[in-house]
Amino acid sequence: MPPVFAHGRLRLYLLKLLDEAPRHGYEVIRLLEERFQGLYAPSAGTVYPRLSKLEAEGLVTHATEGGRKVYSITEAGRAELADRSGELADLELEIRDSVTELAAEIRSDVRGAAGDLRRELRAAATASATQVGEEDSWKAAKEELRKARQEWKEQARRAKDESRRAREEAQAARRQAKEAQDRAREEVQRIAGQLQEQFARSGGVLGSLAGAWLGGPAPAPAPAADADADAGADRAPGWAADLAPTGDPARDLDRLLDRFRDEVRDAARDRGVSAAQVAEARDHLAAAAARLGTTFAPRP
């Protein structure tokens, strides 16, 4: 039996299925069987441990409905799925190849079974020639052989159709993933261009915008040298170290802002937040906005 999923790819495909809709484990197994046109069905011992591992990593969560666990993807799971959209498109192609290999193996098995049946029929016809008329024996043997050939042709036709459908679906998924990546890249570049234009007009623009958004006066930006010194003193040395540079500064900045937003939101959700804490957070954010405005402002 050829491998259906390469190492680690079943984990990614489970995230894709849960991104489509919340599902319980049996439904995930049934969907995988449908995607493979009945040629492959994973066992519960394959699917449930991986769902538990995804939940331990914070990528999925579950709720109990009718005595069964219904799994749902988390925001962290969607973020990983978005970052690996290219791999997901490749995975669709791998599934097509797996279906093709499974179908080829079925065709080979059917051909082998038909050959064995043909030999057995000939042997049976030879052995029974002394008991019944030779003509009747060969007619029965030929009829059985005809049925075997018809069954093999039907199996081969179904395997070919399934392979074609899988190939078309994989190609469509790759096109959609590429279009989504192109749109996201264009949007980030457009926003980065706007920020650069604003910073070029005024080094304090970001601080003013922060003050307006947060409901208070914009703090005056600190001198560039002092801002750099303070930023270096306040920066956590290991924060976001896992976000490797992509070669696109605008995209790297966008990923840092997403990480900052997620950590602040998770801290508030897990520990609770009061009105006084919101006011203090506003002051911190306004100061940070002013400092970033100074950082991105053009320097002589």
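Nothing here was measured: the structure is a model prediction, and the numbers come from that model. (Residues numbered from 1 in each chain as written. Predicted model: local features only at pLDDT ≥ 70, side-chain atom pairs only at ≥ 80, totals over all residues. Heavy atoms only, no water.)

## Considerations on the overall build of the protein chain
If you tally the helices and strands in the protein chain, you get ten helices and three strands. Mapped from its N terminus to its C terminus, the protein chain presents α and β elements in the order α-β-α-α-β-β-α-α-α-α-α-α-α. Going through the 300 residues of the protein chain one by one, you find that 27% of them count as buried. Of the roughly 19100 Å² of accessible surface on the protein chain, a fraction of 53% belongs to carbon and sulfur atoms. (Helix = DSSP H or I, 4+ residues; strand = E, 2+ residues; numbered from the N terminus. Buried < 20%, exposed > 50% of the residue type's maximum accessible area, 1.4 Å probe, protein only. Areas by Shrake-Rupley, 256 points an atom, 1.4 Å probe, with all protein chains shown as cover.)

## Here's the deal with a nonpolar patch on the surface
A contiguous nonpolar patch, built from Trp239, Leu256, Phe260, Val264 and Leu285 and spanning about 420 Å² of accessible area, is present on the exposed surface. Here the element with the most residues in the nonpolar patch is helix 9 (residues 249–271); it accounts for three residues. Inspection of the secondary structure assignment puts valine 264 in helix 9. What makes valine 264 partly exposed here is its relative accessible area of 45%. (Patch = residues over 30% accessible without salt bridge, like charges linked within 9 Å, V, L, I, M, F, W, Y side chains within 5 Å. Salt bridge = Lys/Arg side-chain N within 4 Å of Asp/Glu carboxyl O.)

## Section: the nonpolar core
Soluble globular proteins tend to bury their nonpolar side chains together. The biggest cluster of nonpolar side chains holds 23 residues, and the ones touching the most others in it are Tyr13, Leu14, Leu15, Leu18, Val28, Leu32 and Val47. Within the residue set of this core, elements represented by two or more residues are helix 1 (9–20), helix 2 (25–35), helix 3 (44–56), strand 3 (68–73) and helix 5 (85–128). Examining the composition of this core, we find that seven residues originate from one element, helix 1, more than from any other. (Core = buried A, V, L, I, M, F, W, Y, C linked by side-chain atoms within 4.5 Å.)

## Notes on the pairing of strand 3
Across two bridges, the pairing between strand 1 (residues 23–24) and strand 3 is antiparallel. Among the inter-strand pairings, histidine 24 is bridged to a residue of strand 3, identified as valine 70. Pairing geometry for strand 2 (residues 60–65) and strand 3, over six bridges, is antiparallel. Directly across from threonine 61, in strand 3, lies its bridge partner serine 72. (Pairing = 2+ DSSP bridges.)

## Concerning the sheet that holds strand 3
Reading across from one edge, 1-3-2 is the order of the three strands in this open sheet, with antiparallel pairing throughout. Each of the sheet's edge strands pairs with one partner strand only, and the pair in question is strand 1 and strand 2. Sitting on the sheet, helix 1 touches strand 1, strand 2 and strand 3, and the angle it makes with strand 3 is about 95°. (Contact = heavy atoms within 4.5 Å. Axes fitted to C-alpha atoms, helices over the stretch in contact; angles between N-to-C directions.)

## Brief notes about helix 4 (residues 75–83)
In an α-helix there are 3.6 residues to a turn, and that puts residues three or four apart on one side. Every buried residue of helix 4 is listed here: Gly77, Glu80 and Leu81. One side of helix 4 carries all its buried residues, which in axial view fall inside an arc of 100°. In helix 4, those exposed residues whose orientation departs by more than 90 degrees from the buried face are Glu75 and Asp83. (Arc of directions from axis to C-beta.)

## Quick notes on the packing of helix 1 against helix 2
Two quantities define a packed helix pair, namely the angle between the helix axes and the distance between the axes. The contact between helix 1 and helix 2 brings their axes to 11 Å, and the two run at 105°. In terms of orientation, helix 1 and helix 2 fall into the roughly perpendicular class. Judged by residue contacts, Leu10, Tyr13, Leu14, Lys16, Leu17, Leu18 and Glu20 of helix 1 engage Val28, Leu32 and Arg35 from helix 2. Looking at the contact of helix 1 with helix 2, its residues break down into seven nonpolar, no polar and three charged. (Parallel < 35°, antiparallel > 145°, perpendicular 65-115°, else oblique. Nonpolar A, V, L, I, M, F, W, Y, C, P; charged D, E, K, R; others polar.)

## Let's talk about helix 9
Taking 1.5 Å of rise per residue, the 23 residues of helix 9 would be expected to cover 33 Å, and the 33 Å separating its terminal C-alpha atoms lies within 8% of that figure. Positive phi appears at glycine 272, one or two residues downstream of helix 9, with a value of about 85°. (Expected span 1.5 Å × (residues − 1).)

## Here we look at the pattern of salt bridges
According to the stated counting rule, one finds 25 salt bridges in the structure shown. Here arginine 78 ties to aspartate 19 by a salt bridge, and the two come within 3.2 Å at their closest N and O atoms. Here aspartate 19 lies in helix 1 and arginine 78 lies in helix 4, a separation of 59 residues in the sequence. A residue is classified by how much of its surface remains accessible, and aspartate 19, at 36% relative accessible area, is partly exposed. Between glutamate 20 and arginine 35 there is a salt bridge, with the nearest N and O atoms lying 3.2 Å from each other. Here the residue glutamate 20 occupies a position in helix 1, and arginine 35 occupies one in helix 2, the gap between them amounting to 15 residues. Judged by relative accessible area, glutamate 20 falls into the partly exposed class, the value being 39%. A relative accessible area of 26% means that arginine 35 is categorised as partly exposed.

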